[in-house]
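Spelled out, the chains give:
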Amino acid sequence: MDENAERISLELIAGDEQAFDTVYKQYYRGLCAFASQYVTVPESEEIVQDVMMWLWENRKSLVADMSLKSLLFTIVRNKCLNTISHIQVKQQVHERLYAKFQEQFENPDFYIGELMALASKAIRELPDEYRKAFEMNRFEEMTYNEIAERTGVSPKTIAYRISQALKILRTKLKDYIPLLVWLLYEQTRS
């Protein structure tokens, strides 16, 4: 190792931020290029950032005559291999889950049953006045005037109750609306 590299290592070990900046500037691009042979560019940049952070945090345990270049490239390579391994394990888990539940996932009836159960539960949990007005309008196909006559309140009150019921249902079922739209689209295509 040359004298300049050893001096920078000693300064880094002593906590000299200027020495760290020098190491960072000297190796960052090369390490990113090296890591990008294993992983994506964003992942490579994150790995190199982590390694540089590790270098600064562990500078006191470094050995002055050790090659920083070899150390950094070895750590980056190992982190890349760990990332690849992690991605592969994650992908295998997803593939196993998909294979296990593939029939259910591809069967629209599975989703319809689940969605209907969620929607029924959400409707049951509405305040009574909202639920009754909503059910009469949507399930019994009654107009606001017909509901108003039956319940003894004004059509504007019925309109308000139904709009509030819809607002509550949209909030409770917001995570399922895209799926519901997709299912309705699929059913119209069949």
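This structure is a prediction, so every number in the text was calculated from the model and none was measured.

Student: Just checking my understanding: could you explain the overall build of the protein for this structure?
Tutor: A count of helices and strands for the protein gives nine helices and zero strands. Ordered by position from the N terminus, the helices and strands of the protein form the series α-α-α-α-α-α-α-α-α. Relative to its 190 residues, the protein shows a buried fraction of 27%. Taking as baseline every contact in the protein between residues at least 6 positions apart, the subset at least 24 positions apart corresponds to 63%. Element-wise, carbon and sulfur atoms account for 53% of the exposed surface of the protein, whose accessible area totals about 13200 Å².

Student: Got a minute to help me understand the packing of helix 2 (residues 17–35) against helix 3 (residues 41–57) in this structure?
Tutor: Angle between the axes and distance between the axes: these two values describe a pair of packed helices. Two elements in contact, helix 2 and helix 3, have axes whose closest approach is 9 Å; the angle formed by their N-to-C orientations is 150 degrees. Considering their axes alone, helix 2 and helix 3 lie roughly antiparallel with respect to each other. As for how helix 2 packs across helix 3, the hand of that crossing is right-handed. Residues E17, F20, V23, Y24, Y27, Y28, L31, C32 and A35 of helix 2 form the contact with helix 3, whose participating residues are S44, E45, V48, Q49, M52, L55 and W56. Residue classes in the contact of helix 2 with helix 3 are distributed as 12 nonpolar, two polar and two charged.

Calculation rules
- Residues numbered from 1 in each chain as written.
- Predicted model: local features only at pLDDT ≥ 70, side-chain atom pairs only at ≥ 80, totals over all residues.
- Heavy atoms only, no water.
- Helix = DSSP H or I, 4+ residues; strand = E, 2+ residues; numbered from the N terminus.
- Buried < 20%, exposed > 50% of the residue type's maximum accessible area, 1.4 Å probe, protein only.
- Contact = heavy atoms within 4.5 Å.
- Areas by Shrake-Rupley, 256 points an atom, 1.4 Å probe, with all protein chains shown as cover.
- Axes fitted to C-alpha atoms, helices over the stretch in contact; angles between N-to-C directions.
- Parallel < 35°, antiparallel > 145°, perpendicular 65-115°, else oblique.
- Left-handed = near helix turned anticlockwise from the far one by under 90°.
- Nonpolar A, V, L, I, M, F, W, Y, C, P; charged D, E, K, R; others polar.

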